Amino acid sequence: MTRRWTRKDLLGLRELPAEEINFVLETADAFKQVGTREIKKVPALRGKTLMNFFVEPSTRTRTSFELAALLRHGSAGAPQFLANRLKASVINAGDGAHEHPTQALLDLYTIREKRGQIAGLHVAIVGDILFSRVARSNIFGLLKLGARVTLVGPSTLVPREFEKLGVEVSHKIDEVLPKADVVNLLRIQHERQRREYFPGIGEYIRFFGLTKERAKLLKADCLIMHPGPINRGVEIDSEVADGLHSVILDQVTNGLAVRMAVLYLCGGISS
Amino acid sequence: MRRDLLVSTTIIRNGRVIDPANRRDEISDLFIVGGKIVGSKFAIRSPQSEIEEIDATGLIVAPGLIDIHVHLREPGFSHKETIESGARAAAAGGFTTIVCMPNTSPVPDNAGTIAWIKDRASAIGCVNVLPTGAISKNLAGEELAPIGSLAQAGVVAITDDGHCIQNHEVMRRAVEYARMVGVPVLDHCQDYNLVGNGVVHEGYWSTLLGLPSWPAAGEEAIVMRNVLLAELCDHPIHCQHVSAAGSVRLIREARGRGVKISGEVCPHHVALTDEAIQNFDTNCKVNPPLRSRTDVDALLDGIADGTLSILCSDHAPHADFEKEVEFDVAPFGMIGLETELGLFIDLLVHKHGRIDIVRLIEMYSVEPARLLKLDSGSLSTGARADVTLIDSGLEWTVRVDQFQSASRNSPFDGWKLKGRAVRTIVGGKTVWKL
């Protein structure tokens, strides 16, 4: 089922067939145990020059990439622009509202780790879908691996157009939560509020926040995920973020393994 | 015969003369003497050696084509295009007359800038360059430009193209004033609130790619506004580069009631859909954006039933270094003068069969001449001899590196097209031939 990795770049999950996504996840298995060692290093990329190219401010992804040559940019398509002009590998660390493939890969890895497989699971992605690159990469990856995906949020941030991507759209979180195997909550961007995409944080919490009370609707084995940083008390209550369903800290740990795998695979090609 | 009485004589032999203004479509010779179209009996007085003969066997002999929507970028942005390079591109595309838009620097919101453009164009002496004037001072959409003085300086229309007057009251007064001085109004139809920071059509591809987008309603809202104001003021408003199905529907309904509203179509809006943006090619970033298949089909219907009566390019040159940036940062626009005729013949006549070549020529001659009240667009006896020879069956490949334009921002490089101009004659003089 696996095949050799032949890509110079990782630009997005839309272009990646299921077997290549699985190949990255399997490669990440090997790196996962590296993260448990005293010295969290492998010699695979020794001697290579890697460049951090963060055009958009971010601290988190930079930390888990550590050695990375990668691009984060506010404009959709910027990594493709760079990849077309460079011999070196380009790894997309988030471009505008387009894709964030390593985040989606670590989300997939975490689901697969906790639930054995992804096919057949029902994943709800909740929040600001319209402006989210994490949502898009997750949608592409989850659908390719056979999950059922429901997007949840206000109609202004989850337009019906998304149904054409092969997902379901719901504006009623209480109807979705009891059926979901995974609930991935996205950060609500406060600046959107000024543009009148929804009436305010209070109303958002009332209709879409994963409160303690709403968490009672969840299946016992439902996974709660969040790409961080969390707005505690907005998209998710603290008790739920830190509760039994939550795999948010596993996502952080798995992020290191998945990103090491991506660097290993793409770095090997560019040499 | 005394030599000083001799005037240049050209005979275009044996072509298919298509002259929609005179309902003429026949295999015939066309006679040009002293830069004007003449009847056959006047043409034979010159000695044989003084007559230029052009064999047009198998070719269409059409009135010189008119493109009413061209950005020449001069004054102010001559690194993109100059009046000269733009005029040569027009000639190479088969156009004898082009109408240039006012988003230059300085803006032609004053008679002096209009005079400068006209002087430059006449010094170059390639094709006819007809300037438009701004509707509002500095295209700001707030105060009216001196529309009367602009009309006296010779503008053929007023427009804030590239911008759209958002204040309906300002637009209303502009149209009323334009009626008094007798110039039509051209409008780039966009509601800025609905457009926002959008750079592509709001639909499937914007959803997939996460690019900032705006809905067709952003154009349709202003088309509707223009229908109402054309009716209120009883004066022509022409909607530029119509891209949306709803705009076609609004214009169709209004024209059916006799409202003085019209619309034009650019080749890229029927040759491409928003699917073309999927690789973030900034040459496909245009304003209004490439839209959905539904919109393209509606444009084709509008062309077929006469709702959309004028074809044009919205030729919008940009330098490589300006286009070679992130998609959302790149400037809008693509060049079109040297591909539009080929694309439209290929798509409208050959591929889709929506109009015949006679109507296509009419949409490039009679229709724009009527809108702008130009003394061109026909092969009538006595008319200035602006003539385009077209080979409607010629297969050719677009090569941007062979363009006359100073810019290269076209997504059509490498496209194989059927049909193109092979000779362009302005005032009896060949300004370009293949």
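Quick caveat: nothing in here was measured; it's all calculated off a predicted structure. (Residues numbered from 1 in each chain as written. Chains lettered and ligands numbered in written order. Predicted model: local features only at pLDDT ≥ 70, side-chain atom pairs only at ≥ 80, totals over all residues. Heavy atoms only, no water.)

A. Quick peek at the interface of chain B and chain A. In this assembly, 19 residues from chain B lie in contact with 19 residues from chain A. Taken together, both faces of the contact between chain B and chain A bury some 1,500 Å²; the carbon and sulfur share is 55%. Among the residues of chain B in contact with chain A, T207(B), L208(B) and F280(B) are the three that bury the most area, contributing 36% of the side total. At the surface where chain B touches chain A, the tally comes to one salt bridge. In this structure, the salt-bridge partner of E324(B) is R85(A), at a minimum N-O distance of 3.0 Å. For the side of chain B that touches chain A, a count of residues per class yields nine nonpolar, seven polar and three charged. (Contact = heavy atoms within 4.5 Å. Buried area = accessible area lost by both parts, 1.4 Å probe. Salt bridge = Lys/Arg side-chain N within 4 Å of Asp/Glu carboxyl O. Nonpolar A, V, L, I, M, F, W, Y, C, P; charged D, E, K, R; others polar.)

B. How the structure looks around the domain arrangement of chain A. Residues and elements named next belong to chain A. The assigned domain composition of chain A is domain 1 (18-99 + 255-270) and domain 2 (102-250). The straight-line distance from the C-alpha centre of domain 1 to that of domain 2 is 24 Å. Facing 26 residues of domain 1, the contacting portion of domain 2 comprises 21 residues. Between domain 1 and domain 2, roughly 1,800 Å² of surface is buried when both sides are summed, and carbon and sulfur atoms account for 58% of that area. Counting across the interface, domain 1 meets domain 2 through two salt bridges. Here E113 makes a salt bridge to K32, at a shortest N to O gap of 2.3 Å. Every element with two or more residues in the side of domain 1 that touches domain 2 is listed here: α1 (18-34), α2 (60-65), β2 (70-73), β3 (91-95) and α11 (248-270). (Domains from an automatic or database assignment. Helix = DSSP H or I, 4+ residues; strand = E, 2+ residues; numbered from the N terminus.)

C. Layout of the environment of D328(B). Mapped onto the fold, D328(B) is located in the loop between α11 (320-323) and α12 (340-351). Of the residues examined, D328(B) reaches a relative accessible area of 25% and is grouped as partly exposed. Along the primary structure D328(B) and L211(B) are separated by 117 residues, whereas in three dimensions their C-alpha atoms are 7.5 Å apart. Among all residues touching D328(B), those that are not within four sequence positions of it are G74(A), S75(A), V199(B) and K285(B). (Buried < 20%, exposed > 50% of the residue type's maximum accessible area, 1.4 Å probe, protein only.)

D. Looking closely at the domain arrangement of chain B. All names here are of chain B. On domain assignment, one finds that chain B holds domain 1 (3-61 + 384-433) and domain 2 (64-372). Relative to domain 2, the C-alpha centre of domain 1 lies at a distance of 26 Å. In this complex, domain 1 contributes 38 residues to the contact, which on the side of domain 2 involves 47 residues. Across the domain 1/domain 2 interface, buried area totals approximately 3,200 Å², and carbon plus sulfur atoms make up 65% of it. On the domain 1 side of the contact with domain 2, P20, N409 and F412 bury the most area, a combined 19% of that side's loss. Counting across the interface, domain 1 meets domain 2 through zero salt bridges. Of all the elements in the fold, those that place two or more residues in the side of domain 1 that touches domain 2 are β1 (9-19), β16 (387-397), β17 (416-426) and β18 (429-433). Sorting elements by how many residues they give to the side of domain 1 that touches domain 2 places β17 first, with nine residues. The residue makeup of the side of domain 1 that touches domain 2, split by class, is 19 nonpolar, 10 polar and nine charged.

E. How the structure looks around the sheet that holds β2(A). All names here are of chain A. Strand order in the open sheet formed by three strands is β1-β2-β3, and the pairing between neighbours is parallel. With partners counted over all chains shown, the strands left at the sheet margins are β1 (52-54) and β3, one partner each. Taken pair by pair, the neighbouring strands of this sheet meet at an average axis angle of 10 degrees, ignoring direction. Two elements, β2 and β3, share three bridges in a ladder whose sense is parallel. When the bridges of β3 are listed, H73 appears paired with D95. (Pairing = 2+ DSSP bridges. Axes fitted to C-alpha atoms, helices over the stretch in contact; angles between N-to-C directions.)

F. Examining the pairing of strand β7 (residues 182-185) of chain A more closely. Residue and element names in this part refer to chain A. Both faces of β7 are covered, namely the face carrying V182 and N184 and the face carrying V183 and L185. Pairing analysis gives four bridges linking strand β4 (residues 122-126) to β7, with the strands arranged parallel. Bridge assignment links I125 to a residue of β7, and that residue is N184. Here β7 pairs with strand β8 (residues 223-225) via three bridges, running parallel. Note on β8: the bridge partner recorded for V183 is I224.

G. Examining the packing of aromatic side chains more closely. As enumerated under the stated definition, the model contains 10 aromatic pairs over all chains in all. Between the aromatic rings of F207(A) and F208(A), the centroid separation amounts to 6.5 Å while the plane-to-plane angle is 45 degrees, which identifies the pairing as tilted. Aromatic side chains F344(B) and Y364(B) sit 6.2 Å apart centroid to centroid with 65 degrees between the ring planes, which places their arrangement in the edge-to-face category. Residue F344(B) is found in helix α12, and its partner Y364(B) is found in the loop between α13 (357-363) and α14 (366-372); the two are separated by 20 residues along the sequence. By the burial criterion, F344(B) is buried, and Y364(B) matches it. Each member of the aromatic cluster is reached from another via a ring pair, and the members are F198(A), Y204(A), F207(A) and F208(A). Sitting above the plane of the W214(B) ring, R291(B) keeps its charged end 4.4 Å from the centroid. (Phe/Tyr/Trp six-rings, centres within 6.5 Å; stacked < 30°, edge-to-face > 60°. Lys NZ or Arg CZ within 6 Å of the ring centre and 35° of its normal.)

H. Region of interest: the confidence of the model for chain B. Overall, the prediction assigns chain B a mean pLDDT of 96, with 97% of residues at 70 or greater. Taken together, the chains of this predicted complex give a pTM of 0.93 and an interface ipTM of 0.89. (pLDDT = per-residue confidence, 0-100.)

I. Geometry of the nonpolar core. Residues and elements named next belong to chain A. If you look at the biggest cluster of nonpolar residues, it comprises 156 residues, and the most contacted ones within it are L105 and I125. In terms of residue count, the dominant contributor to this core is α11 (eight residues). Excluding its chain neighbours within four sequence positions, the residues that come into contact with I125 are A135, N138, I139, L142, V149, T150, L151, V152, N184 and L186. Judged by nonpolar contacts, the second largest core, of 26 residues, contains V152, L157, A180 and F198. (Core = buried A, V, L, I, M, F, W, Y, C linked by side-chain atoms within 4.5 Å.)

J. Layout of the sheet that holds strand β10 (residues 185-187) of chain B. Residue and element names in this part refer to chain B. Across the sheet, five strands lie side by side as β9-β10-β13-β14-β15; this open sheet has parallel pairing. Edge positions in the sheet fall to β9 (158-159) and β15 (310-311), since each has one partner strand and no second. Note: β10 against strand β13 (residues 237-239), three bridges, orientation parallel. Within β13, the position partnered with V185 by the bridge is I237.

K. Quick look at empty space enclosed by the protein. Residues and elements named next belong to chain B. One pass over the structure, following the stated rule, counts three cavities of 30 Å³ or more. Of the pockets and cavities examined, the largest cavity occupies roughly 50 Å³. Around the largest cavity, the lining residues are A92, G93, L337, E338, T339, E340, L341, G342, W396, R420 and A421. The set of elements that each furnish at least two residues to the lining of the largest cavity consists of α1 (83-93), α12 and β17. (1 Å grid on protein atoms, 1.4 Å probe; cavity = no way out; pocket = protein on both sides within 12 Å on 5 of 7 lines; lining within 4 Å. Points joined across faces, edges and corners; volume = space filled by probe spheres on them.)

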